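Architecture at a glance
What follows is the residue order along each chain.
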Amino acid sequence: MTEMSQKLVLGSAPDSWGVWFPEDEYQTPWNRFLDELAESGYDWLELGPYGYLPTDPKQLADEVGKRDLRVSGGTVFGSLHRPERWDDMLSTVRKVAELTAAVGAHHLVFIPTMFRDEKTGRYSESPTLDDDQWAALNKGADELGRILLNDYDVRLCLHSHADSHIQTQPEIERFLDGTDSDLVSLCLDTGHVAYGGGDAVDLIRRYSERVGYVHIKQMDPDIIRQVNEENLSFGEAVKRGVCVEPPAGEPAPAAVIDALKEVDARLFVIVEQDLYPCAPDVPKPIAVRTRTYLNSCGLGARYQKA
């Protein structure tokens, strides 16, 4: 096994099957998702929104195990910049962390609450934070990271995200510069970085020690221009097809993979092509083609824990 194949491990997520919510009439049933994920040649999965897959640890382990799949990490949304929401947020995160740890995973992808509704595009709050809110966000991230490590042996991986307060590269860098590297990692989503006008390869090279987990994704630059010109929400951009199959779109997957080879850590590289909503027969062929392409770039080996 080559050094690169030991370090970079390919997986996928419910997102690539058009899943954004625990329950939704337009989404693929969870058992079909697991079946098609395994049939598409993936070994690893991220759990996606809490409540989509079974939340009973034994049932989840059985369903994943009988398909020869393994779990790379859990996923949770939450607000860190509002201390008044801390208790509710922490209660939710603990449930997800407990399930994540119970199925043998050690990463929790934390997605900041979006300031625009995913379905309607309505603004729920200002798209920018003031200095006090930034201080609360960074302090909260450190505290949450400490809790997750101490109580669950799970590492907090903050996911920069479109229509969230950590979207642009300056916002990502402000977050990384303001948090403790021992407690908080970055879930580098290459597509969301591009959506926010940033450079994923530059972030990998300058913050390599902070990259703890990766979502590999490409965005259509023409639709990103529409987003900026028309003030579109991320949900509307996805409906227009902003997420595209590799090797199309930005950033170039091969350039990302070359940069990740230099990171001194084992990394899960999870495919996420936002497809909500989509017809049930759409995701699987895309997943197969994506895996085949990324395998050709050197991704796809089984993860071996040190």
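Our structure's up above, just so we're on the same page.
So, here is what we can say about the structure in this document. Predicted model only: the values in this text are computed from it and were never measured. (Residues numbered from 1 in each chain as written. Predicted model: local features only at pLDDT ≥ 70, side-chain atom pairs only at ≥ 80, totals over all residues. Heavy atoms only, no water.)

Notes on helix H5 (residues 131-152)
- For H5, which comprises 22 residues, the first-to-last C-alpha distance of 31 Å matches the rise-based estimate of 32 Å (1.5 Å per residue) to within 8%.
- For H5, every residue scored as buried is listed here: Trp-134, Ala-136, Leu-137, Asn-138, Gly-140, Ala-141, Asp-142, Leu-144, Gly-145, Ile-147, Leu-148 and Tyr-152.
- Looking at the packing, one finds that the buried side of H5 touches helix H4 (86-102), strand S4 (107-112), strand S5 (155-159), helix H6 (169-177) and strand S6 (184-189).
- Residue Asp-130 occupies the N-cap position of H5, its side-chain oxygen lying 3.1 Å from the main-chain nitrogen of Asp-132.
- Asp-153 sits one or two positions beyond H5 and adopts a positive phi of about 55°. (Helix = DSSP H or I, 4+ residues; strand = E, 2+ residues; numbered from the N terminus. Expected span 1.5 Å × (residues − 1). Buried < 20%, exposed > 50% of the residue type's maximum accessible area, 1.4 Å probe, protein only. Contact = heavy atoms within 4.5 Å. Polar contact = N/O pair within 3.5 Å; in protein donor to acceptor, adjacent residues only side chain to side chain.)

Observations regarding unusual backbone geometry
- Pro-246 connects to Pro-247 through a cis peptide bond whose omega is 5°.
- A cis geometry characterises the amide bond from Glu-250 onward to Pro-251, with omega recorded as -5°.
- Position of Pro-251 relative to the elements: it lies in the loop between strand S9 (243-244) and helix H11 (253-260).
- One non-glycine residue, Asp-68, lies in the positive phi region at around 60°.
- Relative to the helices and strands, Asp-68 is located in the loop between helix H3 (57-65) and strand S3 (70-78).
- Overall, the relative accessible area of 57% leaves Asp-68 in the exposed class.
- At Asp-163, a residue that is not glycine, the phi angle is positive and equals roughly 60°.
- If you trace the backbone, Asp-163 turns up in the loop between S5 and H6.

Brief notes about the environment of Asp-163
- For Asp-163, a relative accessible area of 6% puts it in the buried group.
- A C-alpha to C-alpha distance of 17 Å links Asp-163 and Gln-133, two positions 30 residues apart in sequence.
- Among residues more than four places away in sequence, those in contact with Asp-163 are Met-114, Phe-115, Arg-116, Ser-233 and Phe-234.
- A polar contact of 2.8 Å, which involves the side chain of Asp-163, links it to the backbone nitrogen of Phe-234.

Regarding the side chain of His-161
- Structurally, His-161 is set in the loop between S5 and H6.
- Apart from the residues lying within four places of it in its own chain, the contact partners of His-161 are Ile-111, Met-114, Ile-166, Gln-167, His-192 and Phe-234.

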